[in-house]
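Structural description and commentary
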Amino acid sequence: MTSKPSICIAVLAHNEEARIAACLNSLPLDEKDVAIHVIVNGSTDATAGIAGGVAAAARNVTVHICKKGGKARSWNRFLFDELDGFHDTHIFVDGDAEITPGSIEALRQALHEKPQANAASGLPMNGRKMAYYQQAMRREHGLFGDLYAVRGDFLQRMQAGGFRLPDDVIGDDGLICAMAKTDLGDESHWNDYRVAVCEGAGFLCAPVSALSPLSWRMQYRRMINYSVRHYQNAMISRIMRDTGAKGLPRLLSDIYRRELPGMRPRGRPELFWFDRLALKRMAQAVQPV
């Protein structure tokens, strides 16, 4: 009987055909103590085929193809519905990120050295605002969805307690960070040191071209999502102050009918239009009575 690898890496990918190969090739392929799972969700491009090609040449890569998209939905499905038992350390990577050498072992070691931490986060290593984000993460013990680790026993406690991310949450990394810091309780249990910032772990994001029409379209959609996340975070904050993570609904849209009447676009000119579009999208997600 072979033992379970101590490290499980989950790569969440949606329409990442341009970056998925670089992402996977930055991971420790063929290491016996590492299991890599690529969760291709809702993709309509060649992401699955490219990931399958990498998996065919590596002994520790498995590709999961999910027709229904959504990062949080795929996170829940993989961990709590498909995975056969938890590993010591679970590491999560976005499919468009490249991981810097040594990051996987550094994240594992960070959780080993800081037993009070439920999670550990990697740092951004490129981009115009790299230094700003690094300083903010060190100060606030933040967590970016591009690269972070969670203890397997924390995930086991989530599963045992019936905790899941809302399937339609956009700021999944912020919610995971909050759940780790509160140790699955309400905000009165908040402790920043339950998330360890790992100086030896880092990721590289895809560069954005200001001259590319595709980049502009992507940024436009991203700004609407940021606005949706803003309103969802307000809802989640109220729940976390009250009951904690146990009060999170399976879908945040289930509470939109109650929450949306009190929400308005912010007054800042650069946000107002995207807030309007976000609120319209959220209103359309409310099921008729």
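In this report, we go over the structure that sits alongside the text. If you're wondering where the values come from, they're calculated on a predicted model, not measured in any experiment. (Residues numbered from 1 in each chain as written. Predicted model: local features only at pLDDT ≥ 70, side-chain atom pairs only at ≥ 80, totals over all residues. Heavy atoms only, no water.)

A look at the environment of Pro-115
Secondary-structure assignment places Pro-115 in the loop between helix H4 (103-113) and strand S6 (119-124). Exposure remark for Pro-115: the relative accessible area of 64% places this residue in the exposed category. (Helix = DSSP H or I, 4+ residues; strand = E, 2+ residues; numbered from the N terminus. Buried < 20%, exposed > 50% of the residue type's maximum accessible area, 1.4 Å probe, protein only.)

As for the sheet that holds strand S5 (residues 98-99)
Hydrogen bonds along the backbone pair up the strands of a sheet, which may run parallel or antiparallel. If you trace the eight strands from one edge of the open sheet to the other, you get S3-S2-S1-S4-S7-S6-S8-S5, paired in mixed fashion. Both outer strands of the open sheet, strand S3 (61-66) and S5, are each paired with one neighbouring strand and no more. Where S5 lies against strand S8 (residues 195-204), two bridges are found, and the strand directions are antiparallel. Looking at the pairing, Glu-98 lines up with Leu-204 of S8. Sheet contacts for helix H5 (residues 130-140): S6 and S8; angle to S6, the most-contacted strand, approximately 160 degrees. Strand contacts of helix H6 (residues 152-161): strand S4 (89-94) and strand S7 (147-151), with the helix running at about 70 degrees to S7, the strand carrying the most contacts. (Pairing = 2+ DSSP bridges. Contact = heavy atoms within 4.5 Å. Axes fitted to C-alpha atoms, helices over the stretch in contact; angles between N-to-C directions.)

A closer look at the packing of helix H8 (residues 213-242) against helix H10 (residues 269-284)
At a closest axis distance of 8 Å, the pairing of H8 and H10 adopts a crossing angle of 70 degrees. Looking at the two axes, H8 sits roughly perpendicular to H10. Our pair here, H8 against H10, has a crossing hand that is right-handed. Contact residues: Tyr-220, Met-223, Ile-224, Asn-225, Ser-227, Val-228, Tyr-231, Gln-232 and Met-235 in H8; Leu-271, Trp-273, Phe-274, Asp-275, Leu-277, Ala-278, Leu-279, Arg-281 and Met-282 in H10. (Parallel < 35°, antiparallel > 145°, perpendicular 65-115°, else oblique. Left-handed = near helix turned anticlockwise from the far one by under 90°.)

A word on helix H3 (residues 71-82)
If you check H3, its first and last C-alpha atoms are 15 Å apart, about what twelve residues at 1.5 Å a residue would give, namely 16 Å. Burial of H3 is extensive: nine of the twelve residues sit out of reach of the surface. (Expected span 1.5 Å × (residues − 1).)

Here's the deal with the pairing of S3
The pairing of strand S2 (residues 34-41) with S3 spans six bridges and is classified as parallel. Across the sheet, residue Ile-36 finds its bridge partner in S3, namely Val-61. Handedness of the crossover joining S2 and S3 through helix H2 (residues 47-57) is recorded here as right-handed. (Right-handed = clockwise from strand over helix to strand, strands pointing away.)

Notes on a negative patch on the surface
A cluster of acidic residues, Glu-31, Asp-33, Asp-88 and Asp-153, forms a negative patch at the surface. By the secondary structure assignment, Glu-31 is in the loop between helix H1 (20-25) and S2. Classification of Glu-31 by relative accessible area gives partly exposed; the value is 44%. (Patch = residues over 30% accessible without salt bridge, like charges linked within 9 Å, V, L, I, M, F, W, Y side chains within 5 Å. Areas by Shrake-Rupley, 256 points an atom, 1.4 Å probe, with all protein chains shown as cover. Salt bridge = Lys/Arg side-chain N within 4 Å of Asp/Glu carboxyl O. Lys, Arg positive; Asp, Glu negative; His and termini not counted. Charge placed at Lys NZ, Arg CZ, Asp CG, Glu CD.)

Some remarks on the side chain of Glu-259
Relative to the assigned elements, Glu-259 resides in helix H9 (residues 256-259). You can call Glu-259 buried: its relative accessible area is 11%. Separated by 2.5 Å, the side chains of Glu-259 and Arg-238 make a polar contact. Once you skip the residues sitting within four places of it in the chain, Glu-259 turns out to touch Met-235 and Arg-238. (Polar contact = N/O pair within 3.5 Å; in protein donor to acceptor, adjacent residues only side chain to side chain.)

Things to note about the side chain of Asp-94
In this fold, Asp-94 is placed in strand S4. A polar contact of 2.7 Å, which involves the side chain of Asp-94, links it to the side chain of Lys-71. Excluding anything up to four places from it in sequence, Asp-94 contacts Val-11, Leu-12, Cys-23, Lys-71, Gly-145 and Asp-146.

Notes on the packing of H3 against H6
Between H3 and H6, the shortest axis-to-axis distance is 11 Å and the interhelical angle comes to 90 degrees. Taken together, the axis directions place H3 and H6 in an arrangement best described as roughly perpendicular. Two secondary-structure elements touch here, H3 through Trp-75, Leu-79 and Phe-80 and H6 through Leu-155, Met-158 and Gln-159. Of the residues assigned to the contact of H3 with H6, the class counts are five nonpolar, one polar and no charged. (Nonpolar A, V, L, I, M, F, W, Y, C, P; charged D, E, K, R; others polar.)

Observations regarding the nonpolar core
Trp-75, Leu-79, Phe-92, Met-158 and Met-179 are the most contacted members of the largest nonpolar core, which has 51 residues in total. At the level of secondary structure, the elements contributing two or more residues to this core comprise strand S1 (7-13), H3, S7, H6, helix H7 (172-182), H8 and H10. Residue contributions to this core peak at eight residues, all from H8. Ranked by size, the runner-up nonpolar core spans 34 residues in total, among them Val-11, Val-34, Ala-55 and Phe-203. (Core = buried A, V, L, I, M, F, W, Y, C linked by side-chain atoms within 4.5 Å.)

Structural notes on the pattern of salt bridges
Any two side chains of opposite charge can pair, so long as their charged atoms come close to each other. In total, this model carries 15 salt bridges according to the counting rule given. Taking the shortest distance from any N to any O, the salt bridge between Asp-172 and Lys-71 comes out at 3.7 Å. In this pair, Asp-172 sits in helix H7 while Lys-71 sits in helix H3, placing the two residues 101 residues apart along the sequence. For Asp-172, a relative accessible area of 5% puts it in the buried group. The shortest N-O distance in the salt bridge between Arg-164 and Asp-81 comes to 3.1 Å. Placement of Arg-164 in the loop between H6 and H7 and of Asp-81 in helix H3 is noted, with a sequence separation of 83 residues between them. Note on Asp-81: relative accessible area 49%, which makes it partly exposed. A network of salt bridges, in which partner residues are shared, links Lys-71, Asp-94 and Asp-172.

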